[in-house]
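# Observations on the three-dimensional arrangement
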Amino acid sequence: SPEMSSRIIDIHDVLNRALQIMHPRVVLSWLVGSNQHLGGARPIDALAIRGAPPVIEALQAFEDLGYA
């Protein structure tokens, strides 16, 4: 369905961006951990509910702070 296609693209975009700035093991932990930039939500949950843009912004904040 178009909705499922959109979700797959969002997941792809987030994982691609995350893997550019983090080690794969860190990506997994980051996705399921609480994220201050997302108001304490887990990035994986924010991705499902709000889509990729806020999660990409959280990744950018992670990179800007030099945690990678």
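Please refer to the structure placed before this passage.
Predicted model, so just to flag it, every value in this text is computed and none were measured.

## Regarding the side chain of Asn35
Here Asn35 lies in the loop between helix H2 (24–32) and helix H3 (43–50). Polar contacts involving the side chain of Asn35 include one to the main-chain amide nitrogen of His37, which spans 2.9 Å. Aside from chain neighbours lying at most four places away, what touches Asn35 is Trp30, Gly40, Ala41, Pro43 and Ala58.

## As for the nonpolar core
Of all hydrophobic cores here, the largest spans 15 residues; its most connected members are Val14, Met22, Trp30, Val55 and Leu59. Of all the elements in the fold, those that place two or more residues in this core are helix H1 (2–21), H2, H3 and helix H4 (52–64). With five residues, the top contributor of residues to this core is H4. Residue contacts for Val14: discarding those within four places in its chain leaves Leu31, Leu47, Ala52, Val55, Ile56 and Leu59.

## Structural notes on H2
Buried residues of H2: Val27, Trp30 and Leu31, and no others. One side of H2 holds all its buried residues, which, seen down the axis, span an arc of 95 degrees. Across from the buried face of H2, at angles greater than 90 degrees, the exposed residues are Arg25, Leu28 and Ser29. Elements that come into contact with the buried residues of H2 comprise H1, H3 and H4.

## A few points about the packing of H1 against H4
The contact between H1 and H4 brings their axes to 10 Å, and the two run at 5 degrees. Between H1 and H4, the angle is such that the two are roughly parallel. When H1 is examined against H4, the residues Asp10, Asp13, Val14, Arg17, Ala18 and Ile21 are found in contact with a partner set consisting of Ala52, Val55, Ile56, Leu59, Gln60, Phe62 and Glu63. Tallied by class, residues from the contact of H1 with H4 come to eight nonpolar, one polar and four charged.

The rules behind each value
- Residues numbered from 1 in each chain as written.
- Predicted model: local features only at pLDDT ≥ 70, side-chain atom pairs only at ≥ 80, totals over all residues.
- Heavy atoms only, no water.
- Helix = DSSP H or I, 4+ residues; strand = E, 2+ residues; numbered from the N terminus.
- Polar contact = N/O pair within 3.5 Å; in protein donor to acceptor, adjacent residues only side chain to side chain.
- Contact = heavy atoms within 4.5 Å.
- Core = buried A, V, L, I, M, F, W, Y, C linked by side-chain atoms within 4.5 Å.
- Buried < 20%, exposed > 50% of the residue type's maximum accessible area, 1.4 Å probe, protein only.
- Arc of directions from axis to C-beta.
- Axes fitted to C-alpha atoms, helices over the stretch in contact; angles between N-to-C directions.
- Parallel < 35°, antiparallel > 145°, perpendicular 65-115°, else oblique.
- Nonpolar A, V, L, I, M, F, W, Y, C, P; charged D, E, K, R; others polar.

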